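# Reading the structure
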Amino acid sequence: MFEALVIVLQFLSGSVMYSHILARMNNVDLRKVRDGNPGSSNLWRARGWKWGAIALGLDYFKGTFPLFLFIATGSLTNRYVISLAALAGVMGHAFSPMLRFRGGKAVATTFGAWSVLTKWEAPTILGAVFTFFSLLKRKTTVEEDAFRVFLGLVALLPYAVYRALNQESHILLFYVGNFIVLTLKHWKDLKKFFSTRLNERENR
């Protein structure tokens, strides 16, 4: 029962849409900003870096809390439950009851969840891919942002497999769930990205 409660609490933590709340405080409708995603990146665009950074930090934080407290105090040690709870936090953001289960794209929350599971390792891999992509092209479309997330997830696969081969299969469990959730949330944009690239090749 305790382990199930942790998973539920992490889902509820993830489902708090801070960007949406902060946007409402600033009389901003995020549904009308860029792709309509109720996340920190659109709040950043609508209200500037200060509000965006606050929302980004909160979205990252909810990927770690309250799960981190249970781990730090030693009250939760089952690695598979920890992975499921971390995934529940990501799913809470992606399918938030607060927004009728529509939610956001869960990228910042994913960073938080990976931080709980691997400390700096997985977030560094993801961050390196994101940074490299951003250096190549500073102004990106929604579709290109989705492809960047996809590339980050692909880059994480060897790491997750390596950890699984070293008797840490709970990492691979979280990876698979995380991959499915983020791919679902970015699916339309990914389809459009690849479709555009195929059309460009055919027209050459």
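This text follows the structure it describes.
Because the structure is a prediction, the values reported are computed rather than measured. (Residues numbered from 1 in each chain as written. Predicted model: local features only at pLDDT ≥ 70, side-chain atom pairs only at ≥ 80, totals over all residues. Heavy atoms only, no water.)

Below, the discussion takes up the overall build of the protein. Secondary structure summary: the protein contains 10 helices and 0 strands in total. Going from N to C terminus, the protein has its helices and strands arranged as α-α-α-α-α-α-α-α-α-α. Taken against the 2.2 N^0.38 rule, which gives 17 Å for 204 residues, the C-alpha radius of gyration of the protein at 17 Å falls within 12% of a compact globule. Its C-alpha atoms give the protein principal-axis dimensions of about 55 × 45 × 25 Å. For the protein, with 204 residues in total, the buried portion stands at 46%. Nonlocal contacts in the protein, meaning residues at least 24 apart in sequence, comprise 66% of its contacts between residues at least 6 apart. Total accessible area on the protein stands at roughly 11,400 Å², and carbon and sulfur atoms take up 64% of it. (Helix = DSSP H or I, 4+ residues; strand = E, 2+ residues; numbered from the N terminus. Rg over C-alpha atoms; globule rule 2.2 N^0.38 Å. Buried < 20%, exposed > 50% of the residue type's maximum accessible area, 1.4 Å probe, protein only. Contact = heavy atoms within 4.5 Å. Areas by Shrake-Rupley, 256 points an atom, 1.4 Å probe, with all protein chains shown as cover.)

What follows is about helix α4 (residues 49-61). Its 13 residues give α4 an end-to-end C-alpha distance of 18 Å, which sits within 8% of 18 Å, the value for a rise of 1.5 Å per residue. Three or more residues of α4 are buried, namely Gly-52, Ala-55 and Asp-59. For α4, the angular spread of the buried residues around the axis is 65°, confining them to a single face. Exposed positions of α4 whose direction lies more than 90 degrees from the buried face are Trp-49 and Lys-50. Where α4 is buried, its residues meet α2 (18-25), α3 (40-47), α6 (79-94) and α7 (107-118). (Expected span 1.5 Å × (residues − 1). Arc of directions from axis to C-beta.)

This paragraph deals with the pattern of salt bridges. Any two side chains of opposite charge can pair, on the condition that their charged atoms come close. Within the structure shown, the criterion is met by 10 salt bridges. One salt bridge in this structure joins Arg-31 and Asp-29, with 3.0 Å as the shortest N-O distance. Classification of Arg-31 by relative accessible area gives exposed; the value is 68%. Taken together, the salt bridges that share partners define one network made up of Arg-34, Asp-145 and Arg-148. (Salt bridge = Lys/Arg side-chain N within 4 Å of Asp/Glu carboxyl O.)

So, about the environment of Pro-38. Tracing the backbone shows Pro-38 in the loop between α2 and α3. The spacing of Pro-38 and Arg-24 is 14 residues in sequence and 11 Å in space, taken between C-alpha atoms. Among all residues touching Pro-38, those that are not within four sequence positions of it are Met-17, Ser-19, His-20, Leu-30, Leu-99, Gly-103 and Gly-104.

A few words now on the packing of α7 against helix α10 (residues 169-202). Interhelical geometry of α7 versus α10 gives an angle of 175° and a closest axis separation of 12 Å. In terms of their interaxial angle, α7 and α10 are classed as roughly antiparallel. Residues Val-107, Thr-110, Ala-113, Trp-114, Leu-117 and Thr-118 of α7 pack against Ile-171, Phe-174, Tyr-175, Asn-178, Leu-182 and His-186 of α10. Its residues placed into classes, the contact of α7 with α10 shows 8 nonpolar, 4 polar and no charged. (Axes fitted to C-alpha atoms, helices over the stretch in contact; angles between N-to-C directions. Parallel < 35°, antiparallel > 145°, perpendicular 65-115°, else oblique. Nonpolar A, V, L, I, M, F, W, Y, C, P; charged D, E, K, R; others polar.)

With that settled, the discussion passes to unusual backbone geometry. That bond from Phe-65 to Pro-66 is cis: its omega, 5°, falls within 30 degrees of zero. Looking at the element boundaries, Pro-66 is found in the loop between α4 and α5 (67-72). At Asn-27, a residue that is not glycine, the phi angle is positive and equals roughly 55°. Within the fold, Asn-27 resides in the loop between α2 and α3.

By themselves, these figures tell us nothing about what the structure is for.
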